[in-house]
Amino acid sequence: QVQLVESGGGLVQPGGSLRLSCAASGSIFSINVMGWYRQAPGKQRELVADITRGISTNYADSVKGRFTISRDNAKNTVHLQMNSLKPEDMAVYYCYARVVSSGYTTRDYWGQGTQVTVSS
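Quick notes on the rules
Residues numbered from 1 in each chain as written. Predicted model: local features only at pLDDT ≥ 70, side-chain atom pairs only at ≥ 80, totals over all residues. Heavy atoms only, no water. Pairing = 2+ DSSP bridges. Helix = DSSP H or I, 4+ residues; strand = E, 2+ residues; numbered from the N terminus. Axes fitted to C-alpha atoms, helices over the stretch in contact; angles between N-to-C directions. Buried < 20%, exposed > 50% of the residue type's maximum accessible area, 1.4 Å probe, protein only.

Chemist: Explain the sheet that holds strand β8 (residues 77-82) residue by residue, including any values.
Modeler: Read from one edge to the other, the open sheet built from four strands follows the order β1-β3-β8-β7, with strand pairing classed as antiparallel. Looking at which strands have only one partner, the edges of the open sheet turn out to be β1 (2-7) and β7 (67-72). Here the average twist between neighbouring strands, direction ignored, is 15 degrees. Pairing analysis gives six bridges linking β1 to strand β3 (residues 18-26), with the strands arranged antiparallel. Bridge pairing links Val2 to Gly26 in β3.

So, in structure tokens, the structure goes:
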């Protein structure tokens, strides 16, 4: 079993910054992709950004130039630096990981979610 634990959400004013972190632990051989999704009330969950083990990144158009994703393969962690936050960024942010277990099976895991509130 694998657990993803997120941290770093909270309340920030428009234009402010937050840094989200996610740590994976458990029966892990390697993690192919790590990323962040978000879901606002009444909307579908959407990809914010993801990053491969080879450090190739992918961003939603709405966050390009404002958010930066990074990961530490040795620590099985992923971070999302969010700058110039806008009210439309307000959502529950979920960490995601495509994990190859120590038994060499591949499965997707999700964190419990962390709330990001952007409001003055």
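On we go.
Chemist: Can you tell me about the pairing of strand β9 (residues 91-101), naming the residues and giving the values?
Modeler: Summarising burial for β9: nine of the eleven residues are buried, a large majority. When strand β4 (residues 28-39) meets β9, the two strands line up antiparallel, connected through ten bridges. Residue pairing for β9: Ile31 is matched across the bridge by Val99. Taken together, the three bridges between β9 and strand β11 (residues 114-118) define a ladder with antiparallel strand orientation. For Tyr93, the partnering residue across the bridge sits in β11 and is Thr114. As paired elements, β9 and strand β10 (residues 106-110) share five bridges and run antiparallel to each other. Looking at the pairing, Val100 lines up with Thr106 of β10. Here β9 folds back onto β10 in antiparallel fashion, the turn holding four residues, of which Tyr104 has a positive phi close to 70 degrees.

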